[in-house]
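What the coordinates show
Below are the chains, spelled out letter by letter.
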Amino acid sequence: MNYVLYALVAISALVLTISVAATEGDDQGLQALGGSESIWGSKNPTRNVVLKRITTVSSVVFMVTTLILAAL
C-alpha cells in the first residue's frame, strides 16, 4: 500500500513540475485573478487552460497522497 502511495506522490510531483514549467506567464498582472475565461465552461480550451487543469488536479493528488502518507 505504501509503495502505491509513494508512486502516486512521485508521478504527481513530476506532472506538477512539468505542467507549471510549461504554463506561459500572464502579462495581465492582477487582472488575471478576475479573468472572464472560465476554466470549466470553455468549449474550446486553450493550452494554458488545459495546463491549469492538469496543475490543479496533480497538486490535489500530491497533497492528498502526501497527507495520507504522513498519517500512516
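Worth saying up front: this structure is predicted, and the values here are computed from it rather than measured.

What about the UniProt feature "transmembrane region" (unreviewed entry) in the protein?
Under the local residue numbering, the UniProt record ascribes the feature "transmembrane region" (unreviewed entry) to residues 50-71. From the first C-alpha to the last, residues 50-71 spans 32 Å; its make-up is 100% helix and 0% strand.

Re the environment of Leu72
Mapped onto the secondary structure, Leu72 falls in the segment after helix 2 (47-71). The exposure class of Leu72 is exposed, given its relative accessible area of 64%. With 70 residues separating them along the chain, Leu72 and Asn2 place their C-alpha atoms 8.6 Å apart.

Focus: the UniProt feature "signal peptide" (unreviewed entry) in the protein
The UniProt record marks residues 1-21 with the feature "signal peptide" (unreviewed entry), using the residue numbering of this structure. Secondary structure over residues 1-21 splits into 95% helix and 0% strand, and the C-alpha atoms at its two ends are 30 Å apart.

Let's talk about a nonpolar patch on the surface
Among the surface-exposed residues, Val60, Met63, Val64, Ile68 and Leu72 lie close enough to one another that they form a single nonpolar patch of about 460 Å² accessible area. With respect to the helices and strands, the residue Val60 is situated in helix 2.

Comments concerning the environment of Leu14
Inspection of the secondary structure puts Leu14 in helix 1 (residues 2-22). Residue Leu14 is classed as exposed on the basis of its relative accessible area, which comes to 54%. On a C-alpha basis, the gap between Leu14 and Ser58 in space is 9.0 Å, while along the polypeptide they are 44 residues apart.

Rules behind the numbers
Residues numbered from 1 in each chain as written. Predicted model: local features only at pLDDT ≥ 70, side-chain atom pairs only at ≥ 80, totals over all residues. Heavy atoms only, no water. UniProt positions renumbered as here; feature names shortened; annotations may be inferred. Helix = DSSP H or I, 4+ residues; strand = E, 2+ residues; numbered from the N terminus. Buried < 20%, exposed > 50% of the residue type's maximum accessible area, 1.4 Å probe, protein only. Patch = residues over 30% accessible without salt bridge, like charges linked within 9 Å, V, L, I, M, F, W, Y side chains within 5 Å. Areas by Shrake-Rupley, 256 points an atom, 1.4 Å probe, with all protein chains shown as cover. Salt bridge = Lys/Arg side-chain N within 4 Å of Asp/Glu carboxyl O.

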